[in-house]
Amino acid sequence: MLFSSYIFLFAFLPVALAGFCLLSHCLGPKPAKLWLTFTSLVFYGWWNPIYVLLIVASMLFNFWLGRRMGLAVRAGGSAGLWLFWGVTANLLILGYFKYANFFVSNLDAVFGTGWTIGKIVLPLGISFFTFTQIAYLVDVRRGVVCEYDLGDFLLFITFFPHLIAGPIIHHSEMMPQFAEPKTFRFQWENLAVGLAIFSMGLFKKVVIADGLSGHAVKVFDAAAAGQPLYAADAWAGVFSYAFQIYFDFSGYSDMAIALARMFGITLPLNFNSPYKAVNIIEFWRRWHMTLSRFLRDYLYIPLGGNRRGTGRRYLNLALTMVLGGLWHGAAWTFVLWGLLHGVCLAVNHLWQGWWASGQRRVLLPPWLNAWAGRGLTFFLVLLGWVLFRAANVHAAQQLLAAMFGVGALPAAGLPVLLKPKVWFWLMGLLAFVWLLPNVAELHSNYQAYPAVFKHPQTPGRWCWRWRMNAAWACLAAVLLAASMLSLSRAGEFLYYNF
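Bear in mind the structure is a predicted one, so any value in this text is a computation, not a measurement.

Enquirer: If you had to explain the overall build of the chain to someone new, which residues and values would you point to?
Expert: The number of helices and strands found in the chain is 19 helices and 0 strands. The C-alpha radius of gyration computed for the chain amounts to 24 Å, which stays within 12% of the reference 23 Å derived for 498 residues, consistent with globular compactness. With the principal axes as the frame, the chain shows a C-alpha extent of 70 × 60 × 55 Å. Going through the 498 residues of the chain one by one, you find that 53% of them count as buried. Looking at the chain alone, contacts between residues at least 24 apart form 76% of all its contacts between residues at least 6 apart. As displayed, the chain offers around 22300 Å² of accessible surface, 68% of which is attributable to carbon and sulfur atoms. The averaged location of the 17 negative side-chain charges in the chain is 7 Å from the averaged location of its 35 positive side-chain charges.

Enquirer: Lay out the nonpolar core in plain terms, naming residues and giving numbers.
Expert: In this structure, Phe-8, Phe-243 and Tyr-275 are the most contacted members of the largest nonpolar core, which totals 158 residues. Looking at which element gives the most residues to this core, the answer is helix α10 (residues 231–262), with 20 residues. The contacts of Phe-243, once residues within four sequence positions are left out, are Leu-212, Tyr-275, Phe-378, Leu-426, Leu-429, Leu-430 and Val-433.

Enquirer: Tell me about the environment of Met-468, and please be specific about residues and values.
Expert: Here Met-468 is to be found in the loop between α18 (439–442) and α19 (470–486). Between the C-alpha atom of Met-468 and that of Leu-480, which follows or precedes it by 12 residues, the distance is 17 Å. If sequence neighbours within four positions are ignored, Met-468 has contacts with Glu-189, Ala-192 and Tyr-446.

Enquirer: I'd like to hear about the packing of aromatic side chains, residue by residue, with values.
Expert: For the structure shown, the criterion picks out 69 aromatic pairs. When the ring of Tyr-136 is compared with that of Phe-156, the centres are 6.1 Å apart and the planes differ by 55°; the resulting orientation is tilted. Of this pair, Tyr-136 sits in helix α5 (residues 126–141) while Phe-156 sits in helix α6 (residues 150–158), and the two are 20 residues apart along the sequence. Assigned by exposure class, Tyr-136 and Phe-156 land together as buried. Ring geometry for Trp-371 versus Trp-434: centroids 5.4 Å apart, planes at 70°, classification edge-to-face. You can see Trp-371 sitting in helix α15 (residues 366–389) and its partner Trp-434 sitting in helix α17 (residues 421–435), a full 63 residues away along the chain. Owing to a relative accessible area of 33%, Trp-371 belongs among the partly exposed residues under this scheme. Here Lys-98 stacks its cationic end above the ring of Trp-327, 5.0 Å away from the centre of that ring. Above the face of the Trp-371 ring, Arg-374 is positioned so that its terminal group lies 4.4 Å from the ring centre.

Enquirer: I'd like a description of the packing of α10 against α17, backed by residues and values.
Expert: Where α10 meets α17, the axes come as close as 10 Å, and the angle between the chain directions of the two elements is 40°. It follows from the interaxial angle that α10 and α17 lie oblique. As for the relative orientation of α10 and α17, their crossing is left-handed in sense. Listed contacts from α17 to Ala-232, Trp-235, Ala-236, Phe-239, Ser-240, Phe-243, Tyr-246 and Phe-247 of α10 are Val-422, Trp-423, Leu-426, Met-427, Leu-429, Leu-430, Phe-432 and Val-433. Its residues placed into classes, the contact of α10 with α17 shows 15 nonpolar, 1 polar and no charged.

Enquirer: How would you explain the side chain of His-349 if you had to name every residue and give the values?
Expert: Within the secondary structure, His-349 is located in helix α14 (residues 332–356). On the basis of relative accessible area, His-349 is assigned to the buried category, the value being 18%. Excluding residues within four positions of it along the chain, His-349 makes contact with Ile-281, Arg-313, Tyr-314 and Leu-317.

Enquirer: I'd like a rundown of unusual backbone geometry, residues and numbers included.
Expert: The residue after Gly-166, namely Pro-167, is reached through a cis peptide bond having omega 5°. As for its position among the elements, Pro-167 is in the loop between α7 (160–163) and α8 (171–178). Even without glycine at this site, Ser-273 takes up a positive phi of about 50°. With respect to the helices, strands and loops of the structure, Ser-273 is situated in the loop between α10 and α11 (280–286). One non-glycine residue, His-288, adopts positive backbone phi at about 45°. Note on placement: His-288 falls in the loop between α11 and α12 (289–300). Owing to a relative accessible area of 0%, His-288 belongs among the buried residues under this scheme.

Enquirer: Tell me about α5, and name the residues and values.
Expert: In a regular helix each residue adds 1.5 Å, so 16 residues correspond to 22 Å; α5 covers 22 Å between its end C-alpha atoms and thus fits that length. The first or second residue beyond α5 is Gly-143, which carries a positive phi of 75°.

Enquirer: Mind laying out the pattern of salt bridges, listing which residues take part and the relevant values?
Expert: Close approach of charged atoms allows side chains of opposite charge to pair. The final tally for this structure, using the stated rule, is 10 salt bridges. Lys-205 is the partner of Asp-248 in a salt bridge, and the nearest nitrogen-oxygen pair spans 2.8 Å. Of this pair, Asp-248 sits in helix α10 while Lys-205 sits in helix α9 (residues 188–224), and the two are 43 residues apart along the sequence. Both residues of the pair, Asp-248 and Lys-205, belong to the buried class. When salt bridges with common partners are traced through the structure, they connect Lys-205, Asp-210 and Asp-248 into a single cluster.

Enquirer: Quick rundown of the side chain of Ser-24? Include the residues and the values.
Expert: For Ser-24, the location among the structural elements is in helix α1 (residues 6–26). Leaving out residues up to four positions away in the same chain, Ser-24 has contacts with Ala-32 and Phe-184.

Enquirer: How would you explain the packing of helix α3 (residues 50–74) against helix α4 (residues 80–111) if you had to name every residue and give the values?
Expert: Across the interface, α3 lies against α4 with an axial gap of 10 Å and an inter-helix angle of 165°. Classified by the interaxial angle, the pair formed by α3 and α4 is roughly antiparallel. When the axes of α3 and α4 are compared, the crossing they make is left-handed. Contact with α3, carried on its side by Tyr-51, Leu-54, Ser-58, Phe-61, Asn-62, Trp-64, Leu-65, Arg-68 and Met-69, involves Trp-82, Leu-83, Gly-86, Ala-89, Asn-90, Ile-93 and Phe-97 of α4 and no other residues of that element.

The rules behind each value
Residues numbered from 1 in each chain as written. Predicted model: local features only at pLDDT ≥ 70, side-chain atom pairs only at ≥ 80, totals over all residues. Heavy atoms only, no water. Helix = DSSP H or I, 4+ residues; strand = E, 2+ residues; numbered from the N terminus. Rg over C-alpha atoms; globule rule 2.2 N^0.38 Å. Buried < 20%, exposed > 50% of the residue type's maximum accessible area, 1.4 Å probe, protein only. Contact = heavy atoms within 4.5 Å. Areas by Shrake-Rupley, 256 points an atom, 1.4 Å probe, with all protein chains shown as cover. Lys, Arg positive; Asp, Glu negative; His and termini not counted. Charge placed at Lys NZ, Arg CZ, Asp CG, Glu CD. Core = buried A, V, L, I, M, F, W, Y, C linked by side-chain atoms within 4.5 Å. Phe/Tyr/Trp six-rings, centres within 6.5 Å; stacked < 30°, edge-to-face > 60°. Lys NZ or Arg CZ within 6 Å of the ring centre and 35° of its normal. Axes fitted to C-alpha atoms, helices over the stretch in contact; angles between N-to-C directions. Parallel < 35°, antiparallel > 145°, perpendicular 65-115°, else oblique. Left-handed = near helix turned anticlockwise from the far one by under 90°. Nonpolar A, V, L, I, M, F, W, Y, C, P; charged D, E, K, R; others polar. Expected span 1.5 Å × (residues − 1). Salt bridge = Lys/Arg side-chain N within 4 Å of Asp/Glu carboxyl O.

So, in structure tokens, the structure goes:
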């Protein structure tokens, strides 16, 4: 079920929220939490009911294992072996659904094994709920937390705002909120703030992101078919995809936070204007922030981080990003995308080390230096999106060649795929994401984020803040109305595929 669908907006959400509020008021927290778990499973099973059995089996296994580990830790014993088997089991399940075909097809290509397996349909959200449960098991092993109530554990995993595409949360970030009495008291402020944020997120998704998808599809499909492209078309297609995935994921992140807020729950910030980043390190602190945290805490640091010398540090960075690329999908294009970002991160750290050593001359004023860094970072991210979106490596090569005029020029009379006026909108979107405050900053007076995700306040003249007044209510109404008119063309969120 999509957040941007009629069935969700006019049936599921009103019923889920009304039931939660009524049960909280009449019967108390326990029935309300059970209702929320039940509706979350309905939300998940709407796409394919059979996979409800998968997620329930996964949750029961991890709950049982977490209890065993928690008891061992409380008794002063070691739970390391339990953690090893738990992580292994979770990764094997994820690997089967996500990577089995990729592994077998590559074996056949290299060794001519002739092995094939039938098409495996990827269950929605399996990457997200698997990583959430792995993080939980690690936290139990560290003695940070252990959940002994099955109902609460099921709610922790299935809570529908974060279930399908994140954020990847820790138990300690959400479940203590369900232990607070105020969560079960209806507050108009929560509903108003949630609706305001949701209206902005929905507009980003169905009006901006889905409106750009057609431009990106034309160009990337042409590259996949081997069709020569004009450089202007190639660049416009890549820009279109860059803003499509930006507003698609930004819109989802806003809607997830908004929906949770309607139920009195605060989720961590997961998207913080990443195209404003002045270097690639900052980009990964702003893009899919909870995934970046997961990769850092549960992969990069266990590999040794920066504790085993400079060379090993950069190798760990590259390996972490390659595996992060594979997390997004089973294809060599994702491997190359991750490797590109790993190399860029290593170079960025080398540059910062050299800059901090004092062996440099300041050639540009600070404000111009920041804008130069922002432009270079955006350019590198654009190149990465070519690999990320391309159907295969050959299609990526075809598109990059067209972008930089490498190889044969397109034949005369080749049709222009995208009209010149597309650039007007693309440059407007670039100014929008670079200059204006984001949704989290607009709602900073009402939306408190966990301390680890504190974001800088919008400086200078962009000091707008959302208020509970008629003007902002009218803006939300206009955005919702525009979004409703576009719902018929709304597609799946891009991160549903990861």
